[in-house]
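One-letter residues, chain by chain:
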Amino acid sequence: MFQRIIILTFVCFSAITFAAPANKDLFFSEALYYAYQEKYFDAISKIDAELGQYYGLDEPELNSLYFYLNQAEFSIGDFELYYRMHKRAGRAIKSVLEGNVKDTVRNDAAYRLAKIYHQKQQPINALHTIQRIKGEVPDKIKYDLKLLKAQIFISNNMFSDAIELLSSIENAPAVDGYASYNLAIAYIGNNETTKGIIQLDKTGLINSSDKAVLAIRDKANLVLGYKLMENKQPERAIKYFERIRLDGPFSNRALLGSGWAALAEKKYKKAIVPWRILAKRNVTNQSVQEVLLGLPFAYGKLEVYGKAAILYGNALAAYSKELKKLDDSIKNIREGKFLEAVVREEYRKDKNWLINLRNLPDAPETHYLMQLLASNDFQESLKNYFDLDDLEKKISSWDGYLDSYTEIIKHRKNYYTPLFPGMQEKFRLLDSRMKLRLAQRKKIADRLSKMLIAPRPDYLAKVDERLALNKIHSIEKKYKSSSNPNSAKITARIKRLKGVINWNIETEYQERFTEADKNLQLLNKHIDELKTRYRTFVRTRQAATQSYMGYDDQIAQLKNRMRFADEKIKLLLARQGHMLELMSINELEKRRKRIEELQIKARFSLAESYDRAVKKQQNIELEQEKNGRLKKETDIKPDDKKVTGDK
Amino acid sequence: MNKIQTVFIGLILLLIPLSCWSAELTREQIKGLDEQVQDIKKDVLAISAELQTLEEKLLYPSTSQISLFVSTGNEQSYSPDAVQIKIDGKKVMHYIYSFKEIDALRRGGVQRIFTGNILGGNHTLDIRVIGRMGGSKTKRKASYTIKKGIGPKLVEIKLGSGSSAIKIVDQ
């Protein structure tokens, strides 16, 4: 049993060890380094370059990226998503939806993709994407994913599905407020208005210290308040407007609504209270501009015409000032000052650059654009503008690089060209000598390996022994056919001599064979060194050649591509900039039109207030006159009596 | 005739900006432009990748290329402030880290701190690191011998706390 456990443990351990990559891929990790700093362009471009080289390899499985290939292929799509490259046919979509990575990683990216589609008001794409999320989901987005799915259902008019999903997460702390609010919207969308109102009421009572949740609570109360106003139930609406915090993002609209609700109830004094607070706030706000007209209207209802006339006068002055400001802003935008101000580096480096746009010193129009700045279309357009601006700068700097490369290539060519012919000649000589020596070595190695099977002592004869044997052979030949009487004696001596030499060779055969093998090993070592030097030489020669040859076409093509890209970027930059300016101007024009309407109303109301004030004054005077006369008459009568009496 | 033409062109020129500024934006226009921006991003990314390969081939051929990488792992208690690197006694890099870069290193990113050219054979690599361990400042140095062969030389410098504060992984 114990043995089994050991074997099982070993098997498991081996599997883990086998699955783990031997080395980290430094270039892929470098791409991650940029991605973690949100420099997605650099990250994508580095992985692209690395993958390009990897796919050009003869044996890619020997490269360290081999172990990270799936991750790299997925990451490239993932980073493209972060870089807002989510085109339907793009590789980001393919990688994110079909990537061969862990479920949690893929689903996290798919969630982000669905969110982008949802924000860009492409509900069908968003639905298709979110429906492809299967398997394990990362804990951090578990509830956010459900909320997003429900919101996508709402966008696609699938209210029943949204209600079912939102009901299941309504009380989850991670989506506190949001699920509840969206559930109310889903009920209203599903024509279950009563349930929707109850749900909004419930959302409007959520207790939290989170600013975002408090904002959604305020929003629920505001929506409910205005809904009740629409349904002509102002007495109920007041309660919801009063629930909204006075320092929250919806406070201005709440104060305005509260006043209108009181006014509808003919509680004019009650309407004045919130409106007076609102009237003191920033006049660029639409609700504040509305209340400048509402406040004197309430005073008018209270028949305080003088005060009303003064306030209408103030409103007219404020409107004129704001119209002037708006005209200046529109002029500034048309002159390109707005874009000049927003693309400044110092603003973009700040994490809160979008919020800081409110305080751009040279662009007063941004105060009026807060609502627009908060919209997804504007933000995305602005980010695109920034990206294009960055791309333009990159292309411009790369153009300089290519000029430098051309210069380097020219210098290298001038240096190497005269050196090559001499170097080539020497190399040819060295190459032929090396080939000869390698052939010799091979012959010796073959012989030694054959001698292991069939010993050949003669192959191991030393030089002096070989010379002696040669000499003996020639003497032997000479005396073989000789009639010399001493030939028998000489032949015997020759045999003895041959015998001595062969004896030595035979008896020392093992030692000599070992010695020969050792020498061959030593030779192999030298040969290896020689080969390395040879390879280095070949590679250096190749590197020298490659350092200036074969770049002209590539550089020319790159230059062309860069020129086309630059022209296109400039065009798109102008179009994107124009679009942003148009969005801003449209917004400002809309606000301008509204102020003009308010101005006309204010003028009429001012005149009317004067009339009423004058009329009231006249009435008072008439009344006073009448009263005076009456008093006079009553005063006179006793006097008359007195006079009469006196008489 | 010429006068009429001039007046007519003048009128058109006057009208162009007006029509330009008064246009209403549609969702399709916004989407269309967004997609064109995505297309140009794709083109520029392709140029960038090719340029990187060209740069490497041209400026740092494999026979002489050396690349030094810095990693820290996910150790939270240690963060490098600055790194100085010398090859054969010659200063090749002095780098000061930003908060974002330290965070990227901690999350597993690896920084290519230096790419250059050296001759084949042995070389001395001197590394000095100033960092923070908990709240206190630390200064560390280490020296290694690296061997440059035919192929590109990749060296990972692992920074961290503990006994092996600076570790070299010769790839």
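This is a predicted model, so every value here is computed, not measured.

Draft legend 1. Here's a closer look at the overall build of chain B. Each helix and strand counted, chain B has 3 helices and 8 strands in total. Listed N to C, the secondary structure of chain B is α-α-β-β-β-α-β-β-β-β-β in terms of helices and strands. Expressed as a percentage of its 171 residues, the buried residues of chain B come to 23%. Partitioning the intrachain contacts of chain B with sequence separation of at least 6 by distance along the chain shows that 66% fall at a separation of at least 24.

Draft legend 2. Main features of the overall build of chain A. If you tally the helices and strands in chain A, you get 26 helices and 0 strands. The C-alpha radius of gyration of chain A comes to 48 Å, more than 25% above the 26 Å expected for a compact globule of 647 residues. Counting only C-alpha atoms, chain A reaches 215 × 75 × 40 Å along its principal axes. Looking at chain A as a whole, 30% of its 647 residues qualify as buried.

Draft legend 3. Broad picture of the packing of helix α12 (residues 211–230) of chain A against helix α14 (residues 251–264) of chain A. All names here are of chain A. The geometry of α12 relative to α14 is characterised by a closest axis approach of 11 Å and an angle of 25° between their N-to-C directions. Judged by the inter-axis angle, α12 sits roughly parallel to α14. Judged by the twist between their axes, the crossing of α12 over α14 is left-handed. Mapping the contact onto sequence places L222, G225, Y226 and M229 in α12 and R253, A254, G257, W260 and A261 in α14.

Draft legend 4. Seen up close, unusual backbone geometry. Residue and element names in this part refer to chain A. With phi around 55°, Q121 is a residue other than glycine that occupies positive phi space. Along the chain, Q121 falls in the loop between α6 (103–119) and α7 (123–131). Taking the C-beta count within 10 Å as the criterion, Q121 has 14 such neighbours and is therefore assigned partly exposed. Of note in the backbone geometry, K232 takes a positive phi value of approximately 55° without being a glycine.

Draft legend 5. Summary view of the domain arrangement of chain A. For chain A, the assigned domains read domain 1 (210–281) and domain 2 (427–552). Taken over C-alpha atoms, the centre of domain 1 of chain A sits 108 Å from the centre of domain 2 of chain A.

Draft legend 6. View of helix α2 (residues 27–59) of chain B. A rise of 1.5 Å per residue sets the reference length of α2 of chain B, with its 33 residues, at 48 Å; its end C-alpha atoms lie 47 Å apart and thus fit the reference within 8%. For α2 of chain B, the full list of buried residues reads I30, D34, V37, I40, K41, V44, L45, I47, S48, A49 and L51 of chain B.

Draft legend 7. Fine view of the sheet that holds strand β6 (residues 136–148) of chain B. Residue and element names in this part refer to chain B. Here we have 4 strands laid out as an open sheet, ordered β3-β2-β5-β6, and antiparallel in their pairing. Lying at the two open borders of the sheet, with one neighbouring strand each, are β3 (90–96) and β6. Averaged over all pairs of adjacent strands, the angle between their axes in this sheet comes to 20°, without regard to strand direction. For strand β2 (residues 78–87) and β3, the ladder comprises 6 bridges, and the chain directions are antiparallel. Across the sheet, residue I85 finds its bridge partner in β3, namely M93.

Draft legend 8. Structural context of helix α4 (residues 69–82) of chain A. Residue and element names in this part refer to chain A. Given a rise of 1.5 Å per residue, 14 residues ought to cover 20 Å, and the 20 Å separating the end C-alpha atoms of α4 matches this to within 8%. Summarising burial for α4: 10 of the 14 residues are buried, a large majority. Inspection of α4 places Q71, A72, F74, S75, I76, G77, D78, F79, E80 and L81 among the buried residues, and these make up the whole buried set. Looking one or two places after α4, you find R84, whose phi comes out positive at around 55°.

Draft legend 9. Molecular detail of the interface of chain A and chain B. Listed as interface residues are 54 residues of chain A and, on the opposing side, 45 residues of chain B. Listing elements by their share of the side of chain A that touches chain B, those giving two or more residues are α2 (26–35), α3 (40–55), α22 (376–451), α25 (509–546) and α26 (552–646) of chain A. At 14 residues, the largest contribution of residues to the side of chain A that touches chain B is made by α26 of chain A. A breakdown of the residues in the side of chain A that touches chain B according to their chemical character gives 26 nonpolar, 15 polar and 13 charged.

Draft legend 10. Geometry of the packing of α3 of chain A against α2 of chain B. Contact pair α3 of chain A / α2 of chain B: the axes reach a minimum separation of 8 Å and the direction vectors enclose 60°. Taken as axis vectors, α3 of chain A and α2 of chain B run oblique relative to one another. The handedness of the crossing between α3 of chain A and α2 of chain B comes out as right-handed. Mapping the contact onto sequence places F41, I44, S45, D48, A49, G52 and Q53 of chain A in α3 of chain A and L45, S48, A49, Q52 and T53 of chain B in α2 of chain B.

Draft legend 11. Up close: the nonpolar core. Residue and element names in this part refer to chain A. The biggest cluster of nonpolar side chains holds 76 residues, and the ones touching the most others in it are L113, A114, L166, W275 and L295. Of all the elements, helix α10 (residues 178–189) adds the most residues to this core, at 8 residues. Excluding its chain neighbours within four sequence positions, the residues that come into contact with L113 are L81, H86, I93, V96 and T129. Counting 70 residues, the second largest nonpolar core, distinct from the first, contains A31, Y83, Y368 and L558.

Draft legend 12. Region of the structure containing the domain arrangement of chain B. When its domains are assigned, chain B resolves into domain 1 (26–59) and domain 2 (65–170). One C-alpha centre belongs to domain 1 of chain B, the other to domain 2 of chain B; they are set 33 Å apart.

Draft legend 13. Quick look at the sheet that holds strand β1 (residues 65–71) of chain B. Taken in spatial order, the 4 strands line up as β4-β1-β7-β8 (chain B) in an open sheet, and their pairing is mixed. At either end of the open sheet lies a strand with only one pairing partner, and these are β4 (111–117) and β8 (166–170) of chain B. The sheet shows a mean angle of 20° between the axes of neighbouring strands, taken without regard to direction. The pairing of strand β7 (residues 153–159) of chain B with β8 of chain B spans 5 bridges and is classified as antiparallel. Bridged to E156 of chain B within β8 of chain B is V169 of chain B. Packed onto the sheet, α2 of chain A meets β1, β4 and β7 of chain B and runs at close to 130° relative to β4 of chain B.

Cut-off values and rules
Residues numbered from 1 in each chain as written. Chains lettered and ligands numbered in written order. Predicted model: local features only at pLDDT ≥ 70, side-chain atom pairs only at ≥ 80, totals over all residues. Helix = DSSP H or I, 4+ residues; strand = E, 2+ residues; numbered from the N terminus. Buried ≥ 20, exposed ≤ 12 C-beta atoms within 10 Å, placed from the backbone. Contact = placed C-beta atoms within 7 Å. Rg over C-alpha atoms; globule rule 2.2 N^0.38 Å. Axes fitted to C-alpha atoms, helices over the stretch in contact; angles between N-to-C directions. Parallel < 35°, antiparallel > 145°, perpendicular 65-115°, else oblique. Left-handed = near helix turned anticlockwise from the far one by under 90°. Domains from an automatic or database assignment. Expected span 1.5 Å × (residues − 1). Pairing = 2+ DSSP bridges. Nonpolar A, V, L, I, M, F, W, Y, C, P; charged D, E, K, R; others polar. Core = buried A, V, L, I, M, F, W, Y, C linked by C-beta atoms within 7 Å.

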